[in-house]
Amino acid sequence: MTRRLRIDPRNLPILVTLGLFIVMFGLGSIAFTNFFSLQNFLNLFINNAYLIILGVGMTFVIISGGIDLSVGSMLALSTMVSASLVEKSHLSPLIVIPLVLLMGVAFGVFMGYLIQTFNIPPFIVTLAGLYLARGLCYVVSIDTIAFTDPFYRAVAGLRIPVFGENFVSPNAVIAIIIVIAGLFMSRFTKFGRTVFAIGGNEQSAVLMGLPVARTKISIYAFSGFCSALAGIVFTFFTLSGYALDGKGMELDAIATVVIGGTLLTGGAGNIFGTLLGVLVYGTIQVLIVFQGTLNSWWTRIVIGFLVFVFVLMQRIFETARASAAKKSTPAQSKKVSPAESTAP
Amino acid sequence: MTFAKRSELQNRILWSLVALALLLLFNLFFTPHFFKIEIKEGHFYGNVIDILKNGAPIMLLAIGMTLVIATRGIDISVGSVVAISAGAVAILLGGDLAGNPKYPIVVAMGAALLVSTAAGMWNGMLVSRIGMQPIIATLILFVAGRGIAMVFTNAMVIWLYVKPFALLGQGYVFGLPFSIYIVAFVLIVTGLITRRTSLGLFIEAVGINPKAARLSGINSKNILFWVYTFSGLCAGIAGLIVCSTVMSADGNNAGNLYELDAILAVVLGGTSLNGGKFSLIGSMIGALIIQTLTTTIYAFNVPPEISQVVKALVVYAVCLMQSDEFRSRVAGLFGKKAVAT
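Conventions and cut-offs
- Residues numbered from 1 in each chain as written.
- Chains lettered and ligands numbered in written order.
- Predicted model: local features only at pLDDT ≥ 70, side-chain atom pairs only at ≥ 80, totals over all residues.
- Heavy atoms only, no water.
- Helix = DSSP H or I, 4+ residues; strand = E, 2+ residues; numbered from the N terminus.
- Rg over C-alpha atoms; globule rule 2.2 N^0.38 Å.
- Buried < 20%, exposed > 50% of the residue type's maximum accessible area, 1.4 Å probe, protein only.
- Contact = heavy atoms within 4.5 Å.
- Areas by Shrake-Rupley, 256 points an atom, 1.4 Å probe, with all protein chains shown as cover.
- Lys, Arg positive; Asp, Glu negative; His and termini not counted.
- Charge placed at Lys NZ, Arg CZ, Asp CG, Glu CD.
- Disulfide = S-S within 2.5 Å.
- Core = buried A, V, L, I, M, F, W, Y, C linked by side-chain atoms within 4.5 Å.
- Axes fitted to C-alpha atoms, helices over the stretch in contact; angles between N-to-C directions.
- Parallel < 35°, antiparallel > 145°, perpendicular 65-115°, else oblique.
- Left-handed = near helix turned anticlockwise from the far one by under 90°.
- Nonpolar A, V, L, I, M, F, W, Y, C, P; charged D, E, K, R; others polar.
- Buried area = accessible area lost by both parts, 1.4 Å probe.
- Salt bridge = Lys/Arg side-chain N within 4 Å of Asp/Glu carboxyl O.
- Polar contact = N/O pair within 3.5 Å; in protein donor to acceptor, adjacent residues only side chain to side chain.
- pLDDT = per-residue confidence, 0-100.
- Phe/Tyr/Trp six-rings, centres within 6.5 Å; stacked < 30°, edge-to-face > 60°.
- Lys NZ or Arg CZ within 6 Å of the ring centre and 35° of its normal.
- Expected span 1.5 Å × (residues − 1).
- Patch = residues over 30% accessible without salt bridge, like charges linked within 9 Å, V, L, I, M, F, W, Y side chains within 5 Å.
- Pairing = 2+ DSSP bridges.

This part covers the overall build of chain B. The helix and strand inventory of chain B stands at 14 helices and 6 strands. Here the C-alpha atoms of chain B give a radius of gyration of 21 Å, agreeing with the 20 Å that 2.2 N^0.38 yields for 341 residues. Its C-alpha atoms give chain B principal-axis dimensions of roughly 70 × 55 × 35 Å. By residue count, 54% of the 341 residues in chain B fall in the buried class. For chain B, restricting intrachain contacts to residue pairs at least 6 apart in sequence, the fraction spanning at least 24 positions comes to 76%. Of the roughly 15,400 Å² of accessible surface on chain B, a fraction of 69% belongs to carbon and sulfur atoms. Charge centroids of chain B, computed over 22 positive and 13 negative side chains, lie 12 Å from each other.

What follows is the structure, encoded as C-alpha cells:
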C-alpha cells in the first residue's frame, strides 16, 4: 500500500507563499548576476525590518477578524515624536524610546476601546486613526527633522557579522525578536488562543467565558506598540523623522499578512507566514530595482495584484470548506463577526 | 399626537443641518467677510461660492459613496480613482505648451471616464461576484490605483495648457462656477433614478438584509455591481474637475485623502455605515459641512495638513453618536428621561 504525502490544509497557504518566494528568488538569481547571495537574502530583513514588525502586529489584528489602517501613520508619528524629542528637546534616547512605545500602546488602547465598547467597525475607527496620527505629525513639525544624536547614529551604523563577511543590522535583529515573540504569543499563550477564538466566532468566544473585551483591546494595543516600534526602527534606518513617512504602509502591512496566508475573515493565520509575505514583498522590490527600467510604482501594482490572487485563493478555499462542512453537519449557522458585517 | 413622528434618518439629517448652521454661525461672528459676495467680471466671488466650488469633487464622490454605503459596503478606492482619471485625461490631452490637445477634449474626457468606470466595475465584480469584503476589495485599487496613476503619468506632474478644459473646474456659467452645475446634474439624475423608480428601495433592501433581498426577488449581485460601478464613474467625474481646477495631474497627490472626506460626508449626512436607508441630500449637507470646516480652518491660517486632526475627531464624534452602546450609556447618565428614545 502506498501512502501519499499528506499536507495539513492549514499550512497550505504558507507553503504557497514559501513556493512563491523560492520561485521569485530563484528567477532573480537566474536572470541577474550578483542576485543570489546570502547578503542579498539578509538585506531583505535589513531593508524591511519595519514592515516585518508592522506585519506581526497586523497579523494578530486580522486573525481576530479586525483591521488596523492606522499603522503607517502611527509609524510616521513615532518617527516625528522621537525626532522632535531627541533633536529639539534634547532628551536622552533612553527616555524617548520607551515614551514613544508607550504612546503607541496608548493610541492602540484608545482605538481598541472605541471598537470594543461602542461596537464601531474597526476599519472606520482605524481609518480615522490614520488621519488623526498623520495630522498630529504635522502638529509636531511640517519639515523633516534629521537625527544628529550620537546614539541614533551609532545604532544606524552598527553591523552585526553573520557567517564571515555577511552582516545584519540591529533593526533586523529587533524584527526577528518580534517575530519569535509573536510566534510564541500566538501559539503558546492564553492571549494567542483567545485571539484565534475571537476571529473564529466572537459570540462563541464570549459564551466560552474568554476575556474577549480585554483581549480585543490588547490586540489593538499590541498593534499600536508594533507600529511605534516600527517607527523607531525606521528612524534607525533613515536617521530622520518626516511626516510623510510610511504613507500607504498600512496597505503594505495588510498585503504581506494576506500573502502570508492569514484569512481576512479571521480565525486562521500564522506569524511565520507574514514573515514570508514580507520576504516576497522585499524580493519584488529588489527584482524591480535589478530590472532597472521599470518605475518603482510597479511594486504597488504587483502587490495589489498579489493581494487579489491570494484573497481569491482564500475565497476558493472557504467555499470548498463551506460545502464540505455542509455535507457533514447540516444547518450550521455562523455568527457574523464585526469585520464580516461590513460585507454585504 | 397630531404630527407624524420623524424617522431616524430625518432626525440625523436635521442634526447635520444644525451642525452646518452652527458652523456658519461661528464664521459669521469670527471670520471677517465670510458671507461677503462680490460680483467681479460678471462672476460671483466669495467664501460661500468657494465652498460650493471647492466642495464639488467631494460632493460628487459622496453621491456615489452614498449608494455604496447604503448597500452596507464601502469604497476606499475613490481617491485613487480620482488620480487615475486625472492622469488619464492629462496624458490624453498632453502637456503641449501651445495648448493644442493631443486628442480632442471630448475624447480625452470620455476615455478618462471610461477608465474610472472600469475601475468601479472591477470593484463591483470583486464584491458582487467573488464575494470579497468591500473594504478589502476596494483596498486593492486603493493600493494599485495610485501605482497605475503614477505609471500613466510616468511619475511626473503633467501640466496642461488646453484652455477650454479649464471650464470644468475654473469656469463660470451665469455667474456661478461650472462645477456646481455638474454636481447638480449628477445629483438630480441620481435622485430621480433612485427615488422615482424602485432602484433606491432595492439598494436599501440589499443593505438591510442581502439574503432577504435576494429571496424577495431582487438581484442583489447586480445591484452591488452597478453601485460600485457608479461610484467609479462619480470618482472619474471628480477626477476631471480636480485636474481642471489645478490644470495638472499629480498621480501622487490628486485625490489624496478624498476617500475619508467622502465617507465622512455620507456619514455626517445621516446614512448609517450599517447600510439601509440613505439620503443623497443629507450627503450633500455632509459634504458642505466638511468643506466649510476646511475653509474655516484655512481662514484661521492653520496649516491645512492639521485639518486632518479635526476631521478625524469629527469622525469619532459622529461614530459615537451613531453607536447604540454610546447612546444607551449617555442615556444611562441622565437617568430614565432618555430611555423612551
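Next comes the rest of the description.
Below, the discussion takes up the state of the cysteines. Scanning the model with the defined rule gives 0 disulfides over all chains in all. The closest cysteine sulfur to the non-disulfide-bonded Cys234 of chain B is located on Cys243 of chain B, 18 Å from its own sulfur.

In this section: the nonpolar core. Ile124 and Ile254 of chain A together with Phe165 and Ile263 of chain B are the most contacted members of the largest nonpolar core, which has 201 residues in total. Ile254 of chain A has contacts with Met58, Ile62, Ile67 and Leu69 of chain A together with Leu139 of chain B, leaving out every residue within four places of it along the chain.

Quick look at the packing of helix α3 (residues 49–63) of chain A against helix α13 (residues 271–291) of chain A now. Residues and elements named next belong to chain A. At a closest axis distance of 9 Å, the pairing of α3 and α13 adopts a crossing angle of 140°. Considering their axes alone, α3 and α13 lie oblique with respect to each other. For α3 against α13, the interelement crossing comes out right-handed. Of the residues in α13, those in contact with Leu51, Ile52, Gly55, Val56, Thr59 and Phe60 of α3 are Ile271, Thr274, Leu275, Val278 and Tyr281. For the contact of α3 with α13, a count of residues per class yields 8 nonpolar, 3 polar and no charged.

Below, the discussion takes up the interface of chain A and chain B. Every contact between the two is made by 45 residues of chain A and, on the other side, 51 residues of chain B. When the two sides are added together, the surface that chain A and chain B hide from each other amounts to roughly 4,200 Å², 78% of it contributed by carbon and sulfur. Linking chain A to chain B there are 0 salt bridges. Put simply, chain A and chain B have 4 residue pairs in polar contact (both at pLDDT 80 or more) between them.

Residues and elements named next belong to chain B. Per-residue confidence for chain B gives a mean pLDDT of 84, with 96% of residues at or over 70. Below pLDDT 50 for its whole length, residues 337–341 participates in 1 contact with residues either more than four positions away or in separate chains. Scoring the predicted complex yields pTM 0.82 and, for the interface, ipTM 0.78.

So, about the packing of aromatic side chains. Summed over the entire model, instances satisfying the criterion amount to 26 aromatic pairs over all chains. For the ring pair Phe21 of chain A and Phe41 of chain A, a centre distance of 6.1 Å and an interplane angle of 50° mean the geometry is tilted. Taken together, the positions of Phe21 of chain A in helix α1 (residues 12–31) and Phe41 of chain A in helix α2 (residues 38–47) put the pair 20 residues apart, joining distant regions of the chain. By relative accessible area, which is 8% here, Phe21 of chain A ends up buried. Each ring, one from Phe32 of chain A and one from Phe35 of chain A, has its centre 6.4 Å from the other, and the planes form 40°; the classification is tilted. Judged by its relative accessible area of 0%, Phe35 of chain A falls in the buried class. Through successive ring pairs, a cluster of aromatic residues spans Phe21, Phe25, Phe32, Phe35, Phe36, Phe41, Phe45 and Phe290 of chain A. Seen from the ring of Phe225 of chain B, Arg129 of chain B lies directly overhead, with NZ or CZ sitting 6.0 Å from the centre.

We now examine the environment of Ile84 of chain B. Position of Ile84 of chain B relative to the elements: it lies in helix α3 (residues 78–93). When near neighbours in sequence (up to four residues on either side) are disregarded, Ile84 of chain B contacts Val115, Gly145, Ile148, Ala149 and Phe152 of chain B.

Residue and element names in this part refer to chain B. Secondary-structure assignment places Arg12 in helix α1 (residues 8–30). Residues Arg12 and Ala155, 143 residues apart in the sequence, show an inter-C-alpha distance of 43 Å. Not counting chain neighbours up to four residues away, the residues in contact with Arg12 comprise Gly270, Thr271, Ser272 and Gln322.

Tallied over the full model, the rule gives 4 salt bridges over all chains. One salt-bridge network, in which partners are shared between bridges, spans Arg195, Glu204 and Lys277 of chain B.

On to the packing of helix α7 (residues 178–196) of chain B against helix α8 (residues 199–208) of chain B. If you want to describe how two helices pack, look at the angle between their axes and the distance between the axes. Residue and element names in this part refer to chain B. Contact pair α7 / α8: the axes reach a minimum separation of 4 Å and the direction vectors enclose 75°. It follows that α7 is roughly perpendicular to α8 by the angle criterion. Packed against α7, whose contacting residues are Ile193, Thr194 and Arg195, the element α8 presents Leu199, Gly200, Leu201, Ile203 and Glu204 at the interface. Its residues placed into classes, the contact of α7 with α8 shows 4 nonpolar, 2 polar and 2 charged.

As a further point, take the side chain of Asn40 of chain A. All names here are of chain A. Relative to the helices and strands, Asn40 is located in helix α2. When its relative accessible area of 10% is taken as the criterion, Asn40 is described as buried. Among all residues touching Asn40, those that are not within four sequence positions of it are Asn34, Phe35, Val286 and Phe290.

Here the focus is unusual backbone geometry. In this structure, Asn34 of chain A takes a positive phi of about 70° despite not being glycine. The residue Asn34 of chain A is located in the loop between α1 and α2 in this model.

With that settled, consider helix α6 (residues 122–140) of chain A. With 19 residues, α6 of chain A ought to run about 27 Å at 1.5 Å a step, and its terminal C-alpha atoms sit 26 Å apart, in line with that. Most of α6 of chain A is tucked away, with 16 of its 19 residues classed as buried.

Next up on the list: a positive patch on the surface. On the surface, Arg129, Lys211, Arg214 and Lys221 of chain B cluster together into a patch of positive charge. Along the chain, the position of Arg214 of chain B falls in helix α9 (residues 210–215).

Residues and elements named next belong to chain B. Of the pairings in the sheet, the one linking strand β1 (residues 37–40) to strand β2 (residues 43–46) comprises 4 bridges and is antiparallel in character. From the neighbouring strand, Ile39 faces β2, where its bridge partner is Phe44. Where β1 folds back on β2, the antiparallel hairpin that results is connected by 2 residues, among which Glu41 adopts a positive phi of roughly 50°.

The next subject is helix α12 (residues 249–259) of chain A. The periodicity of an α-helix, 3.6 residues per turn, causes residues three or four places apart in sequence to face the same way. Residue and element names in this part refer to chain A. Among the 11 residues of α12, 11 are classified as buried, and the element is accordingly described as predominantly covered. Within α12 the residues assigned to the buried category are Met249, Glu250, Leu251, Asp252, Ala253, Ile254, Ala255, Thr256, Val257, Val258 and Ile259. Backbone geometry just after α12 places Gly261 at a positive phi near 95°.

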